[in-house]
Structure formats: structure tokens, C-alpha cells
Amino acid sequence: MKEIRCISVVLFCFLFFLFAEGNAIAQTREILDMDMGWKFIKGDPADSEKTDFNDSEWRNLNVPHDWSIEGTFSQEEHTGRWGAAFLPTGIGWYRKHFQVTKNDLKRTVWVEFGGVYMNSDVWLNGHHLGKHPYGYTGFQYDLSPYLKSGENVLAVRVDNSQQPNCRWYSGSGIYRSVSLVKTDPLHFGHWDTYIRTTSVQNGQAELAADYSIDNTSDKKTSGIIRSELLDLDGKIVATADVPFQAEAGKQAQVACKIQVPSPILWSLEQPYLYRLQSSILKNEKIIDNLITNVGIREIKFDADKGFFLNGKHVKINGVGIHHDGGSVGSAVPDDVWIRRLELLKVMGCNAIRTAHNPPSTPFLDLCDKMGFLVLDEAFDEWKMEKIDFGYHLYFDEWAVKDLTSMIKRDRNHPSVIIWSVGNEIKEQRDENGYKKLREFANIAHELDPSRPITLACDNIGAEGSKGPTKDSFLNELDIVGYNYSDRWRTRRELYYSLDKRAHPDWKLMGTESRSINGNRGDYSLGDDPEKVQPNYNTQMIAVEQNWKFVATHDYVIGDFLWTGFDHFGENVWPRKSTYWGIIDYSGFPKDAYYFYKSQWTEEPMAHLFPHWNWKGREGQTIPVICYTNCDTVELFLNGRSLGEKRLAFPKQGMVDRWNNYDPPRVGATTNDLHLSWDVPYEPGTLMVVGKKDGVKVIEKINTTGSSDTVHLQIDKESIRANSKDICHFVVELLDENGNVVPDDDQLMQFTLKGPGKILGIGNGDPVDHRSHQSDDYKTYRGLCLVVVQSTGDAGEITLTAKSGSLMKVSKSVWSVKK
């Protein structure tokens, strides 16, 4: 049984140090944000890589940038089924002019790209630096040989023209951040620092820090590696010095142990992050430094008992999410992820699967800070083809490189607990598929022996001509990952238990399980006006059965539901997005959100649906559903009680003595995980009153009138004037009584004044084909979201919304220099 204890995330930093012993001040590692001031053109003009190319007519913009989301949805776009959401792709060029000093020519300088989709070629001053096909892994190039004093030109060609190459929306362009790193010729290697917790016991933790020191000079050198651990107040709580020697033009390996007294452990409830300052000292001067956020924590996976974090059993209540941010495309600002992760946190979600590719570093930083567990996934395809121009074309040359870069970049994040080396890989059914899996497992274990590997398998127990996933394949996995564990025969009822009996040593986890599908607020009683045939009252049944099994069997590590949010692509026209999310692509929760909240959180809650606008259905019996974690719930229609119902899960057994229950037994009226009433329709107010542990909660649904007013809400009063901060404006259509109107949507006209721009508008409707850059957008089920970004200047940013005869309304946010 492996015990896995890990850590942290490397963040490079530009700073100057002055040590108390009187060490001289030395310039250390310098990190420059390269996101501002790029030139861009869609197309493939000849000679764009040349230094003297005239790019004056090109568009000025900042990165991250996704040119696909700026386009128009069209069925004619050749991204095709399971492709890029019917948005334009193609070829684009970026050019960046930047200055370098004579002193910089004595340093080692590299450029780092967080992600470029896809097939990027990079030139510096006309010199080709390299090609990087995979759009989801970061990469860097050494600029030192080709830099010159004064102006330099970086040119990037992005080729996303071969379609389809992805089964979901990828976006196009330099969609993640770019930075320029300047160091001394003696420096910490790129992504070569590895920090982990080796023990937590008796009120003390031990960290192991492995460093690679690059000496690109022509002289042998020696010095000291100093590691200083700082708490949140900046106080040094532990330190270690280790000497080293580095031959000219070589790399030196240095390892040290750091003893940490009375550590505060990183957990889901308290994701405490230390900072590790690592410095290279030579002749008492700091030559290079970096800062690593360190989460001290201990993880363990047990074949019988599941997952433990710091010795505490934790059921993984996870979701899979793709990398797009809805209306902003794949160039997702941090604030969009913060809003989304906060929604998941409130729901009770504690884990994210990065389907089906490595995420951005800022995303993992947020998971570290907010207390999420992460299953970090590398590939959707190996050598055996899934899609015409997919990763199989690059697999032989690039798979090991891309897997290595993902693990080396991400292994210091405390949030990351599992590596996934693939999703629904076709090789799982091949007699020799285990050989490549074994190679990947060995790479992962060598680079990071502290975490297990898995692979999301969708053919365990499958029948048909191709047969099931081979046991030889599954035996190579540290954790066996199931995509839809209940697909075949008796697995509909028995789930994982068949394999647990046959393979008691396997560690089992749901890497992908069905959630409650559907569009937000999509309620129908059928086409026959005389007969009620609802579409919303049965989908939860299979989901509830799966959750019951997972929740009551400790050996099932947990589940990653498909999906947390609707994502673009992976659907057929006219749908531009999926409908599998618990939350829609604009970040508005669906009813499913409240089901999981009822199972994953303790605070008393109740959620009632459908809406209560059923004109013409008077007297007909309509199912009314309630998701709740309350013990008892009573439903009222226009003040009249329609009865109290109760649920209990898990079921209670007697304790201590015969017929004794603690807490008192709840006489459940259903074995489901939802409550349901059949209600003869009449307009008015539905209300539930739930009770739990002496706490009362009330939820109401009113019959609404037509849209009367527009209401704007903002999620913050001010944003930083830095061209990156954003504000979310939520648009609501209200009736005269202040209720959101679910069935009288309006086309809105938006205008923006001040130092800001509309980054994207969306409503969660999978078949709305308006451009997300448009100033006109329709509400969907009464809601719409406008994402506004600062342009970098200070001042008041005002959004005005108007629709037809409805009175226009405005709301402001301040862009502030900080």
C-alpha cells in the first residue's frame, strides 16, 4: 500500500533580497509579463516571421486570446461533429516587439508559453526556435543565442486549420499567458524543482526538496542552496542549507530535507499554503531564486477504505470540466474560474477532473488556494485514432515529452492527487495496450513517486466484437478508473462489486459518471394539452442509485460527474454546447446543482421545481419535485397543505440496544433521494417548509406575469485597472412582483461606457447562435450574463441594458489603479 504525501506549486518571482547577515544585494530571477501589446492577424501572410516584416496594419491586442470565440456560429464550419462548436478556426499570426538591454545579453533568457492551440511555430528575430503541436501543454524556448540589444521581435504562427482535431471546443490562438524569464547563467532549471512532504508525525513534518541547477557558463562553480519556509505572515519557520558544485555547461542535482515544527496542514477546509524561498548563493550573493507555494499534506489510497487526506477519510465528490469559460471561450480570466469554483464549492464539490487535458497553471493555483482536489489528465487519444486530425498524429514523437512536461510543471501543486494518462483510450482493448501504459506509469512514478496514476476506462465489462478492457491493461493502473461503471448487464445494479470480488486488491474510482442531464429550466408537460407527460421527473433516478452505491461503499474512492459545466462543442448542430452540465455554460445552476448540494452539504436546504406557469393546464396533475437534505418537508399550494414527506439516507440502524436510534429515526416516505407530490394545477404560490435539527427552511415558486423590469446585479464593486480583471453582470427579467420570469425572454441591447469592454455575453442556451461578442443578446429562462473587462485605465464603467418597451437600467463598476 502506498502512502502518498505531497505538496506544492512553483511560482517564479522577481524580487531583491537583503539578508540579515549583511549579504550584498544582487539582482535575481526576473519574470516579465508578456501578455500586453501583441500584434495579430487572422490568415497566413508570407514572411511574417521576419524581423523587418511590416505589421503596422495588424490588430493590436493582449493575450491570452482566442480568435475562434470572436467568430460566428455556422453549420458550414468544418469543425464537424464533436468539434469546435461550429466556430471558425484556421491559421493566425502573433508578433511581439520588446526591448532588451546590453546587460540582459549576459544573462540566460527564455520565453514561456502557458498554452497555444495548436501547432505553434515560434521565431525570434527571424530564427526558428521550434514547433509545439499539442495545444494543452506549456513550453519554453531559450532566447539567449538570438537576442540583441534594443528591439527584438517574437513571431508565433498558430495553425488550427486541420479539422476536426478535438472532440470538444478547443479555441484558437495564444490562449494562455506568456512570460519572459531572465536569470543568471547559474540558475534553477525550468520546472526542475520538486518538493514533497515525506512525513507528518508527532507534530512535525519533513519536506524533501530536489533541485536541478543549470550552469550554462563556461566555468565550474560552487555555492549553497538555501531553502527557507515562510508562513502566511512571512515568518521563517524552517530553513536548510546544502552545498553544491556544478560543472561548466552541466546540470547539478541537489537534494535537501527541511524539518517543519508544528505544521498547519493543507486541507479542503483550510487550504493553508506556506512559501518556500529557494536561493542559489555564490560568494554570499544571491544568484537566482524562486518561490514555491507549499501545501503540507498527506494522502493515502486504500483498496478497502478509499481515500484519506491527512488521515481523514474523504469521499471524492468530483466533477469533470473542460477548459473553456463559456462566452469568453478558451482564454479564461482568473475571475471566471473563481466564480465557477465558488459555485462548485457551495454545492459541496471537492474535486476536479481536468478533462481531458492539462489545465492552466493559474487554474491549479486557484484549486490550491480554494481547497479542491485535482485529477490531472494528459490525453484523450493515444496512437489509435479517435478523430481525423487528433493527437494520434503526434503521439510517437510527442507523447512522452507532453506527459513529462505536465507532471514536472504540476507536481508541486498540493491540489493534484492523481495523474490520469488518458481518457477512453482505444488501446485499453488491445492485447499490447498495457505496454504503452506501463511505460507511462514508469515515467510518472519516476518523476513523481508520491502520486498514483489512473486512466478513465469506458469498456470495463463491455461486450461486442471488440470485447472489454483487458485485465492486463487494468493491472498496470494504481487506481482503476471507470467511465460509467453501470453500463453492462448486471452492473446496472451491482456497479463495482463484481470487480471488487474478482480483484480485491484493485483500487476503484468513478472517473466519469452520469449527472442529471438537461437544459436549465427546460420543463415540458408534453405536446398533448389533455395529457401530462413531464420530461423532468425521472432522470434523477439512475443518478440517485449510483450515488447510493458510491456513498455507502468505502472502497469506491469517489466519483467525477460528467460534467460540472456545460462546455462548447461535443455536440451536433444546432447545439453549440453540451447539456450534461450541472451548471450551464454561463454559470447559472440547473436543478441538478441542488440535488448534489442536498447530498454533499449539511446546511439545511430545499429546492423546488418546475416553474409554476402552466396556463391552460388548470386542474391537470403536475409532478412537483423537491431536492432537500431536510428530514421532513411539507408542501403548500396557495396556503393549503398538500402533505408532509420524509426521506432518510443512509438508512438508520439501531444503536446500543434494541429499537434505539440516534438521532431519532425518520420515518421515510420514499426510498428515493428526492421528494415528489402530484399537484392539480392552479395558479398561485407553491411553498415547501423543510425542517432539520430544529432549523426551518422555506422555498417558494410563484406563478409569474410577463416581463416588467430588467434587473442588473454585479459580483464586485470595483476591479483593478490592469486589463485582466473582470466583473460579471447578471441580467434578470422580473415581473411586477420581483419574480424572475422563466418563459417570456427578451432581446436585450447592451451599451458600455468607460474604460472597459464586453469580453463575452451568454445565457446558457445551447442553440443560441448569436456571437458572444455581440451587443445584442437574448435572455434564456429569464437570465443573461455579461462579462466586462477593464481596458487598463481607471474610471467608472457603466453597463446599460434595454429591451423594447422595458425601462432601461444601468449599473456601474469602478476600474481602480491598485
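Residues numbered from 1 in each chain as written. Predicted model: local features only at pLDDT ≥ 70, side-chain atom pairs only at ≥ 80, totals over all residues. Heavy atoms only, no water.

**Some remarks on the overall build of the protein chain**
Note the threshold: Every helix listed is a DSSP run of H or I at least four residues long, and every strand listed is a run of E at least two residues long, numbered separately from the N terminus. All radius of gyration figures rest on C-alpha atoms, and the globule criterion is 2.2 Å times the number of residues raised to 0.38. Per-residue accessibility, obtained with a 1.4 Å probe over protein chains only, is compared with the maximum for each type, and a residue is labelled buried under 20%, exposed over 50%, and partly exposed between these values. Contact criterion: two residues are considered in contact whenever any of their non-hydrogen atoms come within 4.5 Å of each other. Charge convention: Lys and Arg are scored as positive, Asp and Glu as negative, and His as well as the terminal groups of each chain are ignored. For charged residues, the charge sits on one atom: NZ in Lys, CZ in Arg, CG in Asp, CD in Glu.
Looking only at helices and strands, the protein chain features nine helices and 47 strands. Taking 2.2 N^0.38 as the reference for a compact globule, 818 residues should give roughly 28 Å; the C-alpha atoms of the protein chain span a radius of gyration of 28 Å, in line with that estimate. For the protein chain, the proportion of its 818 residues judged to be buried stands at 61%. Long-range contacts, defined here as pairs at least 24 residues apart, represent 72% of the contacts in the protein chain between residues at least 6 apart. Put simply, the protein chain has 93 plus and 111 minus side-chain charges, and the middle of one group is 2 Å from the middle of the other.

**Side note on the pairing of strand β36 (residues 675-680)**
Just so we agree on the cut-off: Any two strands with at least two DSSP bridges between them are considered paired.
Side-chain alternation along β36 places L675, W677 and V679 on a buried face and S676, D678 and P680 on a face that remains uncovered. Here strand β33 (residues 621-628) runs beside β36; their pairing, made up of six bridges, is antiparallel. Within β36, the position partnered with V624 by the bridge is W677.

**Comments concerning the side chain of H322**
To be explicit about the condition: Here a polar contact means two N or O atoms within 3.5 Å. Within protein one must be a hydrogen donor candidate and the other an acceptor candidate, and residues neighboring in sequence count only if both atoms are side-chain atoms.
As for its placement among the helices and strands, H322 is situated in the loop between β24 (316-321) and α1 (334-347). Only 2.8 Å separates the side chain of H322 from the backbone oxygen of A355, close enough to count as a polar contact. Aside from chain neighbours lying at most four places away, what touches H322 is W168, W337, A355, H356, W562, H567 and E570.

**Thoughts on the environment of V787**
Locating V787 in the fold gives a position in strand β45 (residues 783-790). By relative accessible area, V787 is classed as buried at 3%. Taking C-alpha positions, V787 is 6.2 Å from I761, a pair spaced 26 residues apart along the chain. With sequence-adjacent residues up to four places away left out, V787 is seen in contact with S327, V328, I726, C727, H728, K757, I758, L759 and G760.

**Points about the sheet that holds strand β27 (residues 416-423)**
The criterion, for reference: Here an angle of 0 to 180 degrees is reported between the N-to-C directions of two axes, which are lines fitted to C-alpha atoms, with helices fitted over the stretch in contact.
In spatial order, the strands read β24-β25-β26-β27-β28-β29-β30-β31; together these eight strands close into a barrel with parallel pairing. With direction set aside, neighbouring strand axes in the sheet form an average angle of 25°. Strand direction decides the pairing type here: strand β26 (residues 373-377) and β27, joined by four bridges, are parallel. Pairing of V374 across the sheet is with V416, part of β27.

**Quick word on the side chain of D121**
Among the secondary structure elements, D121 is positioned in strand β8 (residues 120-124). A polar side-chain atom of D121 sits 2.8 Å from a polar atom in the side chain of H128. Setting aside chain neighbours within four positions, we find D121 in contact with H128, G130, K131, A155, V156 and R157.

**With respect to the packing of aromatic side chains**
Formally: What counts as a ring pair is set by centres within 6.5 Å for rings of Phe, Tyr and Trp (its six-membered ring), and what kind of pair is set by the plane angle: stacked under 30 degrees, edge-to-face over 60, tilted for all other angles.
Enumeration over the complete set of coordinates arrives at 41 aromatic pairs. For the ring pair Y136 and W168, a centre distance of 6.5 Å and an interplane angle of 35° mean the geometry is tilted. With Y136 in the loop between β9 (127-132) and β10 (139-142) and W168 in the loop between β11 (150-160) and β12 (178-183), this residue pair connects regions lying 32 residues apart in the sequence. Given the relative accessible area of 2%, Y136 is considered buried.

**Points about unusual backbone geometry**
Each neighbour pair has its own omega, and for Q163 with P164 the value is -5°, a cis peptide bond. On the secondary structure map, P164 appears in the loop between β11 and β12. With an omega dihedral of 15°, the bond running from F609 to P610 counts as a cis peptide bond. At W191, a residue that is not glycine, the phi angle is positive and equals roughly 60°. Looking at the secondary structure, you find W191 in the loop between β13 (186-188) and β14 (194-201). Exposure remark for W191: the relative accessible area of 13% places this residue in the buried category.

**Comments concerning the confidence of the model for the protein chain**
The test is simple: Confidence scores here are pLDDT values: one per residue, from the predictor, ranging 0 to 100.
On average, the protein chain scores 94 in pLDDT, and the residues at 70 or more come to 96%. For the stretch residues 1-26, pLDDT sits under 50, and the model shows 109 contacts to residues farther than four places along the chain or on other chains.

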